[in-house]
Structure formats: structure tokens, C-alpha cells
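# Results of the structural survey
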Amino acid sequence: MKLVVIGLGQCGGRVADEFARLNKRARAHRGMEIITGAFAVNTDSADLSGLQNIGADYQHRILIGGRKTSGHGVGKINELGAEIAREDADKVVDAIRGVKHFFETDAFLLVAGAAGGTGSGAIPILTQHVKERYGDKPVYNLIVLPFQHEEETEERTIYNSAVCIKSADSVADAIILVDNQRYVRKDFSLKNNLDKINALIVEPFYDLLCAGEEKKARHIGAKVLDAGDIIQTWVGWTVIGYGSSRLGRIRLPFGGSRNFRKKSTETHKGIQAMDEALSELSLKCNPADAGRALYLLSAPAREMNMDLVKELGDYLKELTPDAIIRNGDYHRERTVVDVTVMLSELNDVAKVRHYYNESTKFIHEVKQKQEQTESKLKAIEEVGKDIPSLV
Ligand SMILES: Nc1nc2c(ncn2[C@@H]2O[C@H](COP(=O)(O)OP(=O)(O)OP(=O)(O)O)[C@@H](O)[C@H]2O)c(=O)[nH]1
Ligand SMILES: [Mg+2]
């Protein structure tokens, strides 16, 4: 599958930069392209200059709202981020027109952090514009949710996140949710290492995007997972997970390589990788809520067998009884079994509900505070009404 990736704001731009790195890796190691165009859009010029893989010209690093923000961001006011995106949407649409192999592109992926101002406000607006302009291709969002400490210290974090995901949900074909806190839970040192988190966020997309683009016969599995399968799966709220299980040298007491014992070890490794993928999903959710799912098994050809593919399918079906499941296998010469899982069309996401509930309370409090301030101001005006004014 080939994507045009557009990163908005600091978080979005840096994650898009990681996708551009992924494409360099695919080109160098697998001789294929998985990203036809990578762009970063920001109101902050310093953030744009810090990127490493996205083209350094103004057509790929697009500064918006120059006059309004003087290149310094919108300071978490996502209403302003949305307004600027509306005014400068043409800059982005024009840049997409310059993508060399645009006709090969299967879909768009727009990326942003939900809690900031620029990305959070711009993502629904630009999704809408891209959809209007390129109606024949799906437009997906990848939205990064804030760390817990950000939610605890700043109310605007939850409010921005709620407004961003609600607006995005009304325009995007699917929203892939990624919770920053999930990566810290795994390894606390990551709290201050956004680059490492960004690399972990994009890693599950590597095999997923490459599998359908593979041209070399020795890597092609029995069932290829291609762009069509992914497009059929990505609908509504979506999460992604990735697990890996190392294949050790399997010592068998009587030699032989194809006996039942080896087979069961392979299956065990596969299930182990799928378990890891499911427990490390990009956002905590209940797999039983998924309406669609897919899994991609990536392993050396000699380790792949139909039992393993079937076992994994049966296992996922148990966990997602209502989901239509698509799958594929991909032969790579490595010593690991990798499993990528996507759960989509989730009909309940606790975190989304939490944001909606909390910010509804917050809206109420803000309204009350505003009313109190207004009535106090009115009272003071009343007292001073007979004083002459100089203006
Ligand atoms: N995973 C990840 N999260 C990030 C990164 N940069 C910022 N964030 C998160 O994104 C949110 C803040 O959004 P930013 O992208 O910094 O904000 P912005 O879109 O640039 O908007 P303004 O700076 O307010 O104009 C916070 O929740 C951060 O924790 C990053 O590189 N990776
Ligand atoms: Mg910023």
C-alpha cells in the first residue's frame, strides 16, 4: 500500500518524518516505495527546520499562518489552528499536486497530536479539504493522544483532544488512535524520548505497507495482504498493534525438521507474537468491540505453514467474535515471527468516552466562570456610568 502522509503541528510533523524514514528503509532494504509523498505543515518554523527526512523545500515543509503567528505556533488554541488551516488549505492541496507518482497513491494519512493547537485544529479541516479535492481516495487520520501528566496538569489538554477527535470523526474515513501513555507504560525512560516513541508508533506500519508492494516471488506468501484488504478494514475508530517472537534454534531429540514438535513450537511462537501485538495495542480497548480486524504474519518461508495461519485466525476470532477478519502472510528471511494486528470499526472506546465526558463538564465550568465574570463587569460598569470618558 502506498500512502501520502501529511503531518500537522510538531507531533504530526515528526511522526510524518518517521514515515519518510520508513520509506527510505523500504527503498534500501526491499527495493520498494511505500510513501509517495511526505509533508509537514506547521505554524511554527523552528519545528519545521528540525525535521530530518521530509524534503527541506517549502513545498514539503509548509509554513501556514505566517502573518497571524509570525512563525511561532498557536499556543494550544486549536480554534486558531483550525482557522489558519482553513485560510491556508490551498497551500497544502497545491503541494500534493506536486507528488511525482501520485497516481500510484492508495490513500492519504494525516497525522497530528490531539492536545496541541496547530495539529489538533488543522487535522479535521485539512482532512475535509483533501477529501473534497481527491474524493476517490480514502483519507485516514492518525491521532496521537496526550500523556497522562499532560491531562492532569492542563484542562485544555482534554478539551482540545475531545474537540479534535470529535471533529476528525465526522470527516475522516478512519481514525487510528495512538496513546502516548502506552509507550511510557512499557518503558518509563521514554517519557522524555519522543523520537523513540515516534519510531515505535510507525514500526507496525512497515510490514503492513510493504506486504502488498512486494514483487519478489520468494517473499510472496500464500495470501497477500494488499491495499484493498487494508482499505476494507480501516473504518471508524481503529487501533494497531505489533508483536515479535524470536525463533531460536529448535533442538529436536531425534533430528528431522518437520515433525509435530517443531510445528507446535512455530504455532506457539506465532500465538506469542499475536498476544504481544494485542497487549501492546496503540490504545487500550476491548477487542470484542471491533467490527473489522486484520492480521499479518511475517516470518521466514520455511517457518510458515497453514496450521500457523489458521491457528492465529482462530485465536483472533475468539477475541473478536463480531469482526470480519482479513489476513495475510509475508515471507521474510529473518529469525523472527512478527504479527501485526489492526482492530477497526470499534463501537466503543473508553478513552474517547472519557474525553467527551470530561470536556463536557469543563465546557459547563468555563461557561459558568464566563457568566460570573460578565456579571461582575456589568456591575462595575453600572457603578461608573456617570463618570466622563476621554475616548
Ligand atoms: N508521540 C509524540 N507526541 C508528541 C510529539 N510532539 C508533541 N507531542 C504531543 O503532542 C501534544 C502537543 O501537540 P503539538 O504537536 O506539540 O502541538 P502543535 O500542533 O504543534 O500546536 P501548537 O504548538 O500549540 O501550535 C502533546 O500531547 C505532546 O505530548 C512527538 O514528537 N511525538
Ligand atoms: Mg507547535
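Conventions used here
Residues numbered from 1 in each chain as written. Chains lettered and ligands numbered in written order. Predicted model: local features only at pLDDT ≥ 70, side-chain atom pairs only at ≥ 80, totals over all residues. Heavy atoms only, no water. Buried < 20%, exposed > 50% of the residue type's maximum accessible area, 1.4 Å probe, protein only. Helix = DSSP H or I, 4+ residues; strand = E, 2+ residues; numbered from the N terminus. Pairing = 2+ DSSP bridges. Near = heavy atom within 4 Å. Polar contact = N/O pair within 3.5 Å; in protein donor to acceptor, adjacent residues only side chain to side chain. Areas by Shrake-Rupley, 256 points an atom, 1.4 Å probe, with all protein chains shown as cover. pLDDT = per-residue confidence, 0-100. Contact = heavy atoms within 4.5 Å. Core = buried A, V, L, I, M, F, W, Y, C linked by side-chain atoms within 4.5 Å. 1 Å grid on protein atoms, 1.4 Å probe; cavity = no way out; pocket = protein on both sides within 12 Å on 5 of 7 lines; lining within 4 Å. Points joined across faces, edges and corners; volume = space filled by probe spheres on them. Nonpolar A, V, L, I, M, F, W, Y, C, P; charged D, E, K, R; others polar.

### Structural notes on the pairing of strand 10 (residues 336-344)
Most of strand 10 sits out of view: 9 of its 9 residues are buried. Residues Val-336, Asp-338, Thr-340, Met-342 and Ser-344 point to one face of strand 10 and Val-337, Val-339, Val-341 and Leu-343 to the other, with burial holding for every one of them. In terms of strand pairing, strand 7 (residues 236-246) meets strand 10 through 8 bridges, oriented antiparallel. Bridge pairing in strand 10 links Val-239 to Leu-343. Looking at chain direction, strand 8 (residues 292-299) and strand 10 are connected through 7 bridges and run antiparallel. Bridging from a neighbouring strand, Leu-297 pairs with Val-339 of strand 10.

### Re the site of ligand 1
Neighbouring ligand 1 are 23 residues, the closest being Lys-76, Thr-118, Gly-119, Asn-180 and Asn-198. Between Gly-119 and ligand 1, the recorded distance is 2.7 Å, taken from a backbone N or O atom to an oxygen atom. Contacts to ligand 1 include Glu-150, whose side-chain N or O atom sits 2.8 Å from an oxygen atom. In isolation ligand 1 offers 640 Å² of accessible surface; the protein chains occlude 90% of this area.

### Focus: the confidence of the model for the protein
Averaged over all residues, the pLDDT of the protein equals 91, while 94% of them reach at least 70. Low pLDDT, under 50, characterises residues 250-258; the predicted model gives this stretch 10 contacts beyond four residues in sequence or across chains.

### Details of the nonpolar core
Judged by nonpolar contacts, the single largest core of 68 residues is most densely connected at Ile-6, Leu-8, Phe-108, Ile-143, Leu-177, Val-341 and Leu-343. For this core, the element with the highest residue contribution is helix 4 (residues 78-97), accounting for 8 residues. Not counting chain neighbours up to four residues away, the residues in contact with Leu-8 comprise Gly-13, Val-41, Leu-110, Val-111, Ala-112, Gly-119, Ala-122, Ile-123 and Leu-126. Judged by nonpolar contacts, the second largest core, of 47 residues, contains Leu-48, Phe-147, Val-184 and Ile-240.

### Regarding the layout of surface pockets
One number sums up the size of the largest pocket: a volume of about 590 Å³. Considering the residues around the largest pocket, the lining is formed by 31 residues, among which Gln-10, Cys-11, Gly-113, Ala-115 and Gly-116 are closest to the centre. Of all the elements in the fold, those that place two or more residues in the lining of the largest pocket are helix 1 (9-30), helix 5 (118-133), strand 5 (139-145) and helix 9 (194-202). If you tally residues by element for the lining of the largest pocket, the top one is helix 1, at 4 residues. Of the residues contributing to the lining of the largest pocket, the split by class is 10 nonpolar, 15 polar and 6 charged. Estimates place the volume of the second largest pocket at around 480 Å³. If you trace the second largest pocket, you find 21 residues lining it, with Arg-27, Ile-35, Thr-36, Gly-37 and Ala-38 closest to the centre. Where the lining of the second largest pocket is concerned, the elements lending two or more residues are helix 1 and strand 2 (35-42). A class-by-class count of the residues in the lining of the second largest pocket yields 6 nonpolar, 9 polar and 6 charged.

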